[in-house]
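Next come the chains, spelled out residue by residue.
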Amino acid sequence: MNSKLFLPNLWRFIWLVAIQVIVLSEASLTADGYCNVLAYPLFILFLPIQIPTPIAVFLGFLVGMTVDVFTGTIGINASAGALSGYTRAIILKRFAPRGEFTGKEPIPSPEYFGWRWFLIVASIFFGIHIFWYFSMAYFTPVYLFAKILPQALLGWIFTMLVVIVLTRLFHPKI
Amino acid sequence: MHSIIQLFIRHGGLLTLVVVEVFCFFLIASYNPTQGQISEASWTRYSGTMLNWKRSFLDYFNLKDENIRLRLENARLQSQLANSRIIEVPTLDTVTRNVLADTLENKLIRPEYQMISGRVISNTIAVGNNWMIINRGKEDGVEPNSGVITRSGVAGVVRHVSDHFSLAMSVLHRQTKISAALKGYHYFGSLVWEGSNPEYMSLTDIPYHIPVKQGDTVLVSNYTLLFPEGHMAGIVDKAYREPGSNFLNIRVKLSQSPADINTVYIVTNRYAAELRQLQEEVKDEQ
């Protein structure tokens, strides 16, 4: 990752973690887990397209762990973040434009690929992330239908709204 | 080394993911009380199952040793059982021996039988006189004229002994004559093989007034030196009286099928020589 791409990603890291731990995670506490908005995976999604998968996995782990440290849930967000670093690579490969990524598009944002493409990719990406997050939070398949799936569905809807708002506001290009 | 790097380039993401996730599971279970309890409970349950699998897998390797141990144990228990029948059932008209065993002050228990476990390595059932070879011989303590039994019935009589093997006359032999009695009666007769069906023998010399029914048990009687008395021999299959005969014709289904003999116990009667000598004394006067 050259220095041109480094700083924007660092900024995204800091701002997304800040928004997550100061606003979103606090809000979810008051709603008893039924309004769990996870915006920080946007950092993972907006990593450079050409980044090697192991590094994406590690950075996912890192951003999740940072959130975990502030919310006191050591390992839960980190696990989901690491998984997202890996699924992101698979999703991007699956939804690659005709003729592969050329390198002209540094990050998978709607600026380059259009909103339709971005919404599909982000939906799958955040869906997996949030499902895994709740699986780790309950840590037992006993609650799969009673808690994990309904909470993940609600959290996914709210998260997608926040993701759309944030992307509209900041129009990330690099 | 080169191939390891190649492997990492191709599957590096997945490998990193697995390593990181394992680390995360460890973190989750260590730093979150609820998840810690869940993982501990699951761990206990599944590790128990895993240990059971491991145990049953390893048991396969011990089966052979275990089998030998069990045979030795069985031989010991069979001889205990055979000996205890004599001591604990004094009314079973074994007057002489029981009186001796029970009333002499200095001889409370006098074990009479010893068992040597062995395997049948050759066996026939189809010809007129059938023989089997057992993998125990003189060096193992087998003597000629010892009975051969199995867990569930009688198998034959040892006739010839070499150093490591013994040749036993199967029950399916025209010379075989086993002193047997019906359970509950003291009348005794001889079990002989008529040379046809290898599953059945005939019990002779039982008087016709005995109400023998199908399903009655036939035991080894106490008049034989070859087998432990009271050992199961067979079950009455059919009992009828020939017109004009004073004895019943009894067809006995052997409790140990001669076609299905594997592990056997060779019975040694410690007093056999002594008793035979006594019988010799009166032989001329008969």
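No experiment lies behind these values; they were computed from the predicted model shown. Per chain, residue numbering runs from 1 following the sequence as it is written. Starting at A for chains and at 1 for ligands, labels are handed out in the order in which the entities are written. Per-residue local features of the predicted model are confined to residues with pLDDT of at least 70, and side-chain atom pairs are confined, for both listing and counting, to 80 or more; whole-chain, interface and lining totals are unaffected and use all residues.

**Student:** Break down the sheet that holds strand β6 (residues 178-182) of chain B for me, citing the residues and quoting the values.
**Tutor:** Residues and elements named next belong to chain B. Overall, antiparallel pairing links the six strands, which are arranged β6-β7-β8-β11-β10-β9 in a closed barrel. Direction aside, the axes of adjacent strands within the sheet are offset by 40 degrees on average. By the convention used here, strands pair only if DSSP detects at least 2 bridges between them. A helix here means a DSSP run of H or I that spans at least four residues, while a strand means a run of E at least two residues long, and both kinds are numbered starting from the N terminus. Alignment of β6 against strand β9 (residues 217-220), held across three bridges, turns out to be antiparallel. By the bridge assignment, L182 is partnered in β9 with V218. Angular values range over 0 to 180 degrees, each being the angle between N-to-C directions of two axes fitted as lines to C-alpha atoms, with helices fitted over their stretch in contact.

**Student:** I'd like a description of the sheet that holds strand β1 (residues 113-123) of chain B, backed by residues and values.
**Tutor:** Residues and elements named next belong to chain B. Ordered in space as β1-β2-β5-β4-β3-β12, the six strands form a closed barrel in which the pairing is antiparallel. Ignoring strand direction, the axes of neighbouring strands in this sheet form an average angle of 45 degrees. Across five bridges, the pairing between strand β4 (residues 154-161) and strand β5 (residues 166-170) is antiparallel. Looking across to β5, one finds that V161 is bridged to S166.

**Student:** Quick rundown of unusual backbone geometry? Include the residues and the values.
**Tutor:** One non-glycine residue, H171(A), lies in positive phi territory at about 40 degrees. As for its position among the elements, H171(A) is in the segment after α7 (144-170). Take H171(A): there are 9 C-beta atoms within 10 Å of it, and that puts it in the exposed class. Even without a glycine there, the phi angle at N145(B) is positive, about 65 degrees. Put plainly, a residue is buried at 20 or more neighbouring C-beta atoms within 10 Å of its own, exposed at 12 or fewer, and partly exposed in between, counting only other residues' C-beta atoms, which are placed from the backbone.

**Student:** Break down the interface of chain A and chain B for me, citing the residues and quoting the values.
**Tutor:** Note on contacts: residues are paired as contacts if their backbone-placed C-beta atoms lie within 7 Å. Taken together, the 18 residues of chain A in the interface contact 15 residues of chain B. Of all the secondary-structure elements, those providing two or more residues to the side of chain A that touches chain B are α3 (53-71) and α4 (76-94) of chain A. A per-element tally of the side of chain A that touches chain B places α4(A) first, with seven residues. For this classification, Asp, Glu, Lys and Arg are treated as charged, while Ala, Val, Leu, Ile, Met, Phe, Trp, Tyr, Cys and Pro are nonpolar and the rest, including Gly, are polar. For the side of chain A that touches chain B, a count of residues per class yields 13 nonpolar, five polar and no charged.

**Student:** Break down α7(A) for me, citing the residues and quoting the values.
**Tutor:** All names here are of chain A. Burial in α7 covers these residues: I148, Q151, A152, G155, W156, F158, T159, V163 and T167. Residues of α7 that are buried sit in contact with α2 (41-45), α5 (110-113) and α6 (115-138). Count one or two residues on from α7 and you reach H171, which has phi positive near 40 degrees.

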